[in-house]
Every structure is written in structure tokens, then in C-alpha cells.
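Structural description and commentary
The residues making up each chain are set out below.
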Amino acid sequence: MIVGQQKSLDDIWRMIAPFSRVLVVGCNECMAAAHAGGEAEVAELASALRIRARNEGRELEVFEFTPKRLCEPEYVAEVLAEVARCKADLVLSLACGVGVNSVADQAADLFVLPAVDTLFMGTGAEHGVWLEYCAGCGECVLEYTGGLCPVARCSKGLMAGPCGGTRDDGSCEVSPDVPCVWKLILERATRLGTRERLLEMPLFKNWSKSSSGSPRRLVREDLRIPTEDCKEGDTR
Amino acid sequence: MNLRQAIGDARFAITVEVAPPKGTDVTEVLNASRMLAPHVHALNVTDNQSSVMKLSSLGFSIRLMQEGLNPVFQVTCRDRNRIGLQGDLLAAASFGIDTVLALTGDHPRMGDHPEAKPVYDIDVIGLLETIRMLNQGRDLSGNELESGPADFFPGASVTPSPANMDAQLFKMERKVKAGARFFQTQAVFDVPVFAEFMKRARDFGVPVMAGIILLKNAGMAKFMNANIPGVTVPKGIINELKDTDKKDRRAKSVEIGARIVGEVKDLVQGVHMMPLGWDKEAVAVLEQAGIGLQ
């Protein structure tokens, strides 16, 4: 899942100052699971904004809408219909950054603002605690490391073993809350008898496949819908 | 004689660390370097040590060369990608600098620009492999160097941490296989523990220089125990410092340093002094331990 965290009410209040009809839009998948922007959080934020508007004597209409998610065109279309219905002048998104971009790309004349800081791809490890597990680097190395990712889970993203910064208790010197993933990788490889696999991992990562390259685009020709002048079976 | 020659001749190698200033005036550290030089084979020039921004390691290494002194150019992977690292290595070589200490580099979070984006495009094993490529006359993409093969003499560091010995030895072995020709260790205080480490590290057949830090007081020792991974100052040493009058602390610090050097010298092929400003005391440690240039 994508993990995010709501911005502070003060920040949100500052951002929405120029607007008077705000549609708060959530995401019922990742951001709901992250307790940052599901239906419940949309209602909560909308109430908070209404109360603050009343307390400060400001004219503000706040509407609520939570599609299944906001990262795909069909759900953005639902949001745009809702914008038209309530004559909103702003979409305040509690979806991740993908949702905000999706709205901006599809609605050239509509304001959309983020009420969430999108953080990472990860998991809810325990109630109220989320951990980053994947960096989306575009060249997965988990086959070598026994399923534990050094790119996402080592503070330095090291490819060939731990640095000297592993504390005696096995945590990372950057933060005592972070276990040294290389210590975990080595212990796991020792248990599974796969230490040799670690030596096969590419030393020089191809970062052009990661977000350090250019914005990424995935095209699956097998899934694309043929256009009129090039139908399936057409051998021209 | 420089470090490369000392190691080549299997002599007891001695290096000392010097840190470039935060600023443009290198007078003070140049004076310290001149004072230290006759006692050591080379001067390690730190690369934004502890992620604290300083005048660059390359810049000061060049200054040392111009003074006729022997630098060990410390290079971390934190601030440059593979293009920048190779460019700086070539620049160093063009000034005659061949001895390089390849390091991962502390995370920016540890230093004075904690919001900086770290690079780590390649890590230290990749850096050592890069140096190997340059020494074969090619860059990392396989393009030929117009000047032919470079002639770097690369070293690396190791943390002889008892708690994480397996992981550290794993990394050390990888550094050896990637071409490290010498090692300088993190500070050693607990000699019996270090001896255990050396029992295994010796098998790699690469010279190891024990890191020596001068403890200025008990507070510094406690701070290191709490904050520097892999460093353990035994209680006995902390008590020794605590029980010493302030006016006698420098002498006590030298005495402790010399004792550690004396105890480790038969386990290793050299020592690497990290005086953290106590340069004269570092020389005193070597003299008291009876370690001179061979």
C-alpha cells in the first residue's frame, strides 16, 4: 500500500484560504488503510474545516466525496461529476499524490490541492505503525536478499553488506527505530543457507530504471486497445 | 617513504588523520600536517567527516602533495555519484595522489546538513571495483582512459565490532575481493575483543592498521560508547580518566593511547592515529609506545 499522513489543519487552512466551496475527496483504498484519507478521515477533516470556518466567521461550504480510489481516470470522472454537482471551486485531496496529479491532468481549469503528505510504499506493521518496504527502484533485488530490501530498508541503500553504523543492538545509527536490514539479511541468509546468493547481487545498480531516471512510463502492448487503423491481425 | 611503500615493504605502517577546515584558510591544518609528517608514512585527509561540511578532501590532499607531504585521499560515496567519484579520482591522480581510502560515508543525518539528500549511487564495494577498473585503464562504462591505466593504491576501513562481527567480516571480505590493499580500523580500546576480531581478519591476508583515538576525558569515552557503533571503551579506562586530575589528563590520555598501541602492535601491521585536534599528543603516543618510522 501507499502510506501517507494528513497535513496539519493549519497548513490545510492556509492552502484553502482563497476558496469558498471545497470538495474534500478521499481514497477508500491505500489512504483509508493508512488512516489518512478514507471516508472517515474525509468526514473528520470536513467537520474540522466547517467548525474552524464558523469560529472565524468565514463563508465556507465543505462537501465530501470518497471514491474507491483517485489514481485512475474512471474515479477522477466520478469526482469531476461531484465537483459539478456541488459547484466546488476546489478539490482538496486526501488521496496520495497520484490522485492529485490525476485530477490536475484531467481537469485543466479546476484547482486541486493536497491535504496529505504521501510518504512511501509499505505496510502497517502494527496498529498505528507503518514501515517502508519497497522503493520502486525498477530492478528488484529481492531474489538475492531473501526477500528483505536493502534499497528501501537500508538508510544508505547499500548493495553489498552493512556499513560500520550498525549499533550493538542491531539498529541503524541513523535511527534507533530502524533495524539494520543488512544484519537481518545476513542472519536470514545464514539460516536459509543462501549467503552465496548475496554475492551475486549486481553491485552497480541501474538507477535509470528508478525515479532517478526520467518519469517512468509502463507500456504493455499486449494490453493496449488496438486503434482503428491498426486492428489485431492486421499485418500491414 | 609513503604508505604504499611502507605496506609494500611490509614495514609497520603509521598514518594520522587530518581534517580540513570549515573555511578557506588551511594555515593551521597545514602547520599541524607539517608537524605530524615526520612521524608517519601518510596523512589521511577526511572527506566531510561525520557529514559535517568542510573544505574538500581532494582540495586539501592536493595542498599536501604541493607541500611534499603524503596524503591518503579519503573518498566517501555519500556526496558524489559514479561520475563525480571517477572525476575526482582522476583529478587526484593528475596531482600524483595514488593512495585512496574508500569509504561508504556517514549518513547526512549525522552531520550539520541533516536535510541533505545523500547519493550512495554506488557503495564502497562499487567504489573499490571502480578503482580497479580505472587501474585497468577503463571507466565504469568500459570506455578507455586516454592516459592509459591509473595506478591507485586503494584501502578501506573496518569496524571491529564484537556485536556485529559476522556482518563486519562479511563486508571486509568483500572489500578484500574488490581490491582493498590495506585496512584502517575504527577506534580500538578493548584489546582482547580486537584480538578476537584479528584472529578472523588475519585470514584475509591484507594488512590491518589499528585505529587509535585519544580519549580527552571520561565524558568523551561515555559519549563514544553511547553514540559510535562498534566502539566500546572498557569501564577500566573510563575510571582511569575519571580518577585523573584535570591538569594530568593529557598525560593520562597519552599513557592510555600508548598502552593500547603497545598491546595491539603485534596483532596488526600498523596504526592509524585519529587525534581529533590533539596532534602533539598523537606524536607523544607513538614515542611513548616506541613506534617510529622504520
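That block above? That's the structure.
The present account deals with the structure reproduced in this document.

1. So, empty space enclosed by the protein
A probe matching the size of a water molecule, rolled over the atoms, marks out where space remains unfilled. With the rule as written, the count across this model stands at 2 cavities of 30 Å³ or more. Taken as a whole, the largest cavity holds about 140 Å³ of empty space. What lines the largest cavity is a set of 17 residues, and nearest its centre among them are A:Cys154, A:Ser155, A:Cys163, A:Cys172 and A:Cys180. Put simply, the parts of the chain that give the lining of the largest cavity at least two residues each are strand E9 (175–179) and helix H8 (181–192) of chain A. Split into classes, the residues belonging to the lining of the largest cavity amount to 11 nonpolar, 3 polar and 3 charged. The computed volume of the second largest cavity comes to approximately 40 Å³. In terms of lining residues, the second largest cavity is bounded by B:Phe189, B:Ile213, B:Leu214, B:Leu215, B:Ser253, B:Ile256, B:Gly257 and B:Ile260. Among the elements that line the lining of the second largest cavity, the one with the most residues is helix H10 (residues 249–264) of chain B, at 4 residues.

2. A few points about the pairing of strand E5 (residues 153–158) of chain B
Here is the key point about a regular strand: its side chains alternate between the two faces of the sheet. Residues and elements named next belong to chain B. Burial runs high along E5: 5 of the 6 residues are buried. Here 4 bridges tie strand E4 (residues 99–103) to E5, and the two strands are oriented parallel to one another. Looking at the pairing, leucine 101 lines up with glycine 155 of E5. Handedness of the β-α-β unit built from E4, helix H5 (residues 124–135) and E5 comes out right-handed. One ladder, built from 3 bridges, connects E5 with strand E6 (residues 183–187); its direction is parallel. Pairing of serine 157 across the sheet is with glutamine 184, part of E6.

Procedures and definitions
Residues numbered from 1 in each chain as written. Chains lettered and ligands numbered in written order. Predicted model: local features only at pLDDT ≥ 70, side-chain atom pairs only at ≥ 80, totals over all residues. Heavy atoms only, no water. 1 Å grid on protein atoms, 1.4 Å probe; cavity = no way out; pocket = protein on both sides within 12 Å on 5 of 7 lines; lining within 4 Å. Points joined across faces, edges and corners; volume = space filled by probe spheres on them. Helix = DSSP H or I, 4+ residues; strand = E, 2+ residues; numbered from the N terminus. Nonpolar A, V, L, I, M, F, W, Y, C, P; charged D, E, K, R; others polar. Buried < 20%, exposed > 50% of the residue type's maximum accessible area, 1.4 Å probe, protein only. Pairing = 2+ DSSP bridges. Right-handed = clockwise from strand over helix to strand, strands pointing away.

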